[in-house]
Every structure is written in structure tokens, then in C-alpha cells.
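# Overview (structure and organization)
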Amino acid sequence: MSLPESRRIAGALARRSGPQPDAVQLADAVVTLWREIDAALAPIVGTRGLAALHGRSVYLASQQFAWLKTAHGNSVQTEIDFHGLRQTFMMQPLPDSQAAASALLLAFHDLLASMVGASLTERLLQAIWDNPFGGHAAQDVSE
């Protein structure tokens, strides 16, 4: 994994979770990124294929963050469990969640790159990592 790719993933997480996120905002950001990945890749690899890639990524990242195993469960998944993913990240201290979210997305990137090559992986995920509109929406607090 190159340092620039790692920074792009960290930037994508930061844009989606906000400048000073709490556990809920980070969990929402993680789910948002996985939903974007799902939207981009499920038409190519299928829902089950993407669920398998997600499951393998969870397994790889859980070597460092054992609590991630609850994000995928023990059974074979036919689709990504976004609700379970969100709940898993919400239950952890923020620093652990941030580190695990990066590790999970990096594991996914590396796994995909090992299967289809770095160039195609870059083209498939670039719009997700670099999405300038992937941040927190402004809230109207004027009432």
C-alpha cells in the first residue's frame, strides 16, 4: 500500500465524518463509504462477490482489531450488513474506530488490487476516495 493511497482513504474518512467526529459520525462515515463502494462495485462483481471481498477485508483487518469480527458475523454473507457494520463501529472508542476503519478500507483496497491490479483498482475507487461532496452536509440550526 502506498502512502498516497493511505492518505486518500484517510481523507475520505475525514471528509465524511466531519472535523471533530464522535463515534456515531465515524460509524456513519464508514457505512457511507461502504455504500459508495457497494454502488460502484456490485454491478461489476455482484452483491455476493462484494460481500465476500468485504468479509475477507474484515477478516484481514480483524487480525489487528479483533472486535471487527462482529461486523461480518460467522456465516457466509450474501450482502454487506451495513447496520451491523455501523453498530460495530459505534460501540468502540473513537481512536480505535478510526484506526480500524482505515485498516479495513486499506485491506479492501489491497485485496482488490491483488485481484484486478493496481491500475484498475485506482480507476474503480478513485471517485469514492476523492469525492469532494462526501463530507458532512450543512445543518440548519436557525430555529
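Residues numbered from 1 in each chain as written. Predicted model: local features only at pLDDT ≥ 70, side-chain atom pairs only at ≥ 80, totals over all residues. Heavy atoms only, no water.

### Concerning the pattern of salt bridges
Between side chains of opposite charge, a pair can form as their charged atoms come close. If you walk through the whole model with that rule in mind, you get five salt bridges. For D130, the salt bridge is made with R8, and the minimal N-O distance between the two is 2.6 Å. Here R8 lies in helix α1 (residues 3-17) and D130 lies in the segment after α5 (118-129), a separation of 122 residues in the sequence. By relative accessible area, which is 34% here, D130 ends up partly exposed. In this structure, E36 and R16 form a salt bridge, with 2.8 Å as the shortest nitrogen-oxygen distance. Within this pair, whereas E36 is found in helix α2 (residues 23-61), its partner R16 is found in helix α1, the two being separated by 20 residues in sequence. Owing to a relative accessible area of 22%, E36 belongs among the partly exposed residues under this scheme. (Salt bridge = Lys/Arg side-chain N within 4 Å of Asp/Glu carboxyl O. Helix = DSSP H or I, 4+ residues; strand = E, 2+ residues; numbered from the N terminus. Buried < 20%, exposed > 50% of the residue type's maximum accessible area, 1.4 Å probe, protein only.)

### So, the packing of aromatic side chains
Under the criterion given, the structure shown has three aromatic pairs. Judged by centre distance (5.0 Å) and plane angle (70°), the ring pair of W34 and F108 falls under edge-to-face. In this pair, W34 sits in helix α2 while F108 sits in helix α4 (residues 94-116), placing the two residues 74 residues apart along the sequence. Across this residue pair, the class does not change: W34 and F108 are buried. With centroids separated by 5.4 Å and ring planes inclined at 85°, the aromatic side chains of W67 and F89 adopt a geometry described as edge-to-face. One end of the pair, W67, is in the loop between α2 and α3 (82-90); the other, F89, is in helix α3, and 22 residues separate them in sequence. (Phe/Tyr/Trp six-rings, centres within 6.5 Å; stacked < 30°, edge-to-face > 60°.)

### Concerning the confidence of the model for the protein
For the protein, the mean per-residue pLDDT works out to 87, and 87% of the residues sit at or above 70. The model gives residues 135-143 a pLDDT under 50, and that stretch makes seven contacts with residues more than four places away or in other chains. (pLDDT = per-residue confidence, 0-100. Contact = heavy atoms within 4.5 Å.)

### Topic: α1
With 15 residues, α1 should reach 21 Å at 1.5 Å per residue; the first-to-last C-alpha distance of 21 Å fits that figure. Taken together, the buried residues of α1 touch α2, α4 and α5. Residue G18 follows α1 closely and has a positive phi angle near 95°. (Expected span 1.5 Å × (residues − 1).)

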